[in-house]
Amino acid sequence: MLIDAGLVMMADTRTNAGIDNISCYRKLHIYDGGDDCFIAIATAGNLSVTQATLSKLAEGVPNPETGEIDTLWTVPSIFKAVQLVGNVLRTTRHETEHGMEAEGVSFGATMLLGGRVGSEPLRLFLIYDAGNAIECHADTPYLQIGEYKYGKPILDRALDVNTPLNEAVKLGLISFDSTMRSNLAVGLPIDMVTVRADPACEPEYFRIDQSNAYFNDLSRQWGEKLREAQAAIPRPPFIKHKAPVIV
């Protein structure tokens with residue numbers, strides 16, 4: 001989520017290759033260079049593709065034009081970081097797709113990249129495995145990847161650019177709770193980072209696990225409020241409460 005107050009990025013940690021093969025892997029990766037650079041990358045899709053992409057970025061990528069090694073620490077802007085990640089993700093996908101196609105394995109992968117370099121404003125992008133990207137804008141101040149269809153309506157109804165940062169975090173957690181209720185492929189812990197728009201503010205990191213009292217109470221209250229709202233809405237008058245008696 002990219003709002004006037006700042007940037008919020010969240011990712012769960014569950015990966016699965018079938019209902020009997022569920023593992024926990026970090027999907028939110030932080031590159032914090034202090035005042036010079038802050039980049040956060042969230043990943044979804046094929047784990048081997050995303051891990052290989054991040055490993056290549058960590059080692060650095062030769063730049064044929066400059067002869068230098070490009071890394072996320074050397075990019076001059078967030079857009080250049082997006083281009084670098086997109087190129088590496090596309091190359092990695094091409095390297096692995098032949099073998100995965102033969103095995104019938106899905107090799108799709110997407111990434112969210114947000115942050116700032118130097119004094120530029122915070123930005124947020126969605127990077128596709130073809131290497132292209134779209135940017136988050138004020139009309140729709142969030143981007144999602146992975147299993148998002150269950151939690152998306154929460155953000156569509158309630159989030160806008162004027163939402164306070166702590167309210168945005170609440171909405172994000174409700175969105176995750178709604179997704180986890182309907183999809184076993186998403187689960188705790190949830191990793192999260194918030195970055196305020198003020199460059200003087202430091203990023204803040206959180207991990208929401210099964211013992212987190214706030215999240216457990218949020219989940220309980222959200223379920224109760226939904227049932228109360230559902231009960232408060234009048235029933236459709238064109239459907240009779242009791243079936244008519246026919247003599």
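Residues numbered from 1 in each chain as written. Predicted model: local features only at pLDDT ≥ 70, side-chain atom pairs only at ≥ 80, totals over all residues. Heavy atoms only, no water.

## Some details on helix α1 (residues 47-59)
With 13 residues, α1 extends 18 Å between its outermost C-alpha atoms, agreeing within 8% with the 18 Å of an ideal straight helix rising 1.5 Å per residue. Taken residue by residue, α1 has V49, T50, T53, L54 and L57 as its buried positions. Down the axis of α1, the buried set is contained in an arc of 125°. They therefore lie on one face. Every exposed residue of α1 that faces more than 90 degrees away from the buried side is listed here: A58 and E59. Looking one or two places after α1, you find G60, whose phi comes out positive at around 100°. (Helix = DSSP H or I, 4+ residues; strand = E, 2+ residues; numbered from the N terminus. Expected span 1.5 Å × (residues − 1). Buried < 20%, exposed > 50% of the residue type's maximum accessible area, 1.4 Å probe, protein only. Arc of directions from axis to C-beta.)

## Focus on the packing of aromatic side chains
Counted under the stated rule, the structure contains two aromatic pairs. Between Y31 and W73, the aromatic rings sit 6.0 Å apart at their centres with planes inclined by 65°, giving edge-to-face as the arrangement. With Y31 in strand β5 (residues 28-32) and W73 in the loop between β8 (69-70) and α2 (78-103), the pair connects residues that are 42 residues apart, well separated along the chain. The class of Y31 is buried, set by a relative accessible area of 14%. Judged by centre distance (6.2 Å) and plane angle (50°), the ring pair of F79 and F125 falls under tilted. One end of the pair, F79, is in helix α2; the other, F125, is in strand β10 (residues 123-127), and 46 residues separate them in sequence. F79 gets classed as partly exposed once you look at its relative accessible area, which sits at 37%. (Phe/Tyr/Trp six-rings, centres within 6.5 Å; stacked < 30°, edge-to-face > 60°.)

## Concerning the sheet that holds strand β1 (residues 2-3)
Spatially, β1-β2-β12-β13 is the arrangement adopted by the four strands of the open sheet, whose pairing is antiparallel. The outermost strands of the open sheet, each flanked by one partner alone, are β1 and β13 (204-208). Here five bridges tie strand β12 (residues 190-196) to β13, and the two strands are oriented antiparallel to one another. Opposite I190, over in β13, you have I208 as the bridge partner. Contacts from helix α4 (residues 165-182) reach β1, β2 (6-12), β12 and β13 within the one sheet, and its direction differs from that of β2 by about 20°. (Pairing = 2+ DSSP bridges. Contact = heavy atoms within 4.5 Å. Axes fitted to C-alpha atoms, helices over the stretch in contact; angles between N-to-C directions.)

## Let's talk about the pairing of β12
Burial of β12 is extensive: six of the seven residues sit out of reach of the surface. Pairing of β2 with β12, which is carried by seven bridges, proceeds in the antiparallel orientation. Across the sheet, the residue bridging to A11 is D191, located in β12.

## What to know about the pattern of salt bridges
Using the criterion set out here, one finds twelve salt bridges in the structure. Across the salt bridge formed by E135 and R123, the nearest N and O atoms sit 2.8 Å from each other. Linking E135 in strand β11 (residues 133-135) with R123 in strand β10, this pair joins segments that are twelve residues apart in sequence. For R123, a relative accessible area of 22% translates into the label partly exposed. With a closest N to O distance of 3.1 Å, E224 and R220 form a salt bridge. Here E224 and its partner R220 are both found in helix α5 (residues 213-232), four residues apart, which amounts to about one turn of the helix. Take E224: its relative accessible area is 31%, and that puts it in the partly exposed class. When salt bridges that share partners are traced, they join R26, D191 and R207 into one network. (Salt bridge = Lys/Arg side-chain N within 4 Å of Asp/Glu carboxyl O.)

Everything listed here is a matter of geometry and, on its own, says nothing about what the molecule does.
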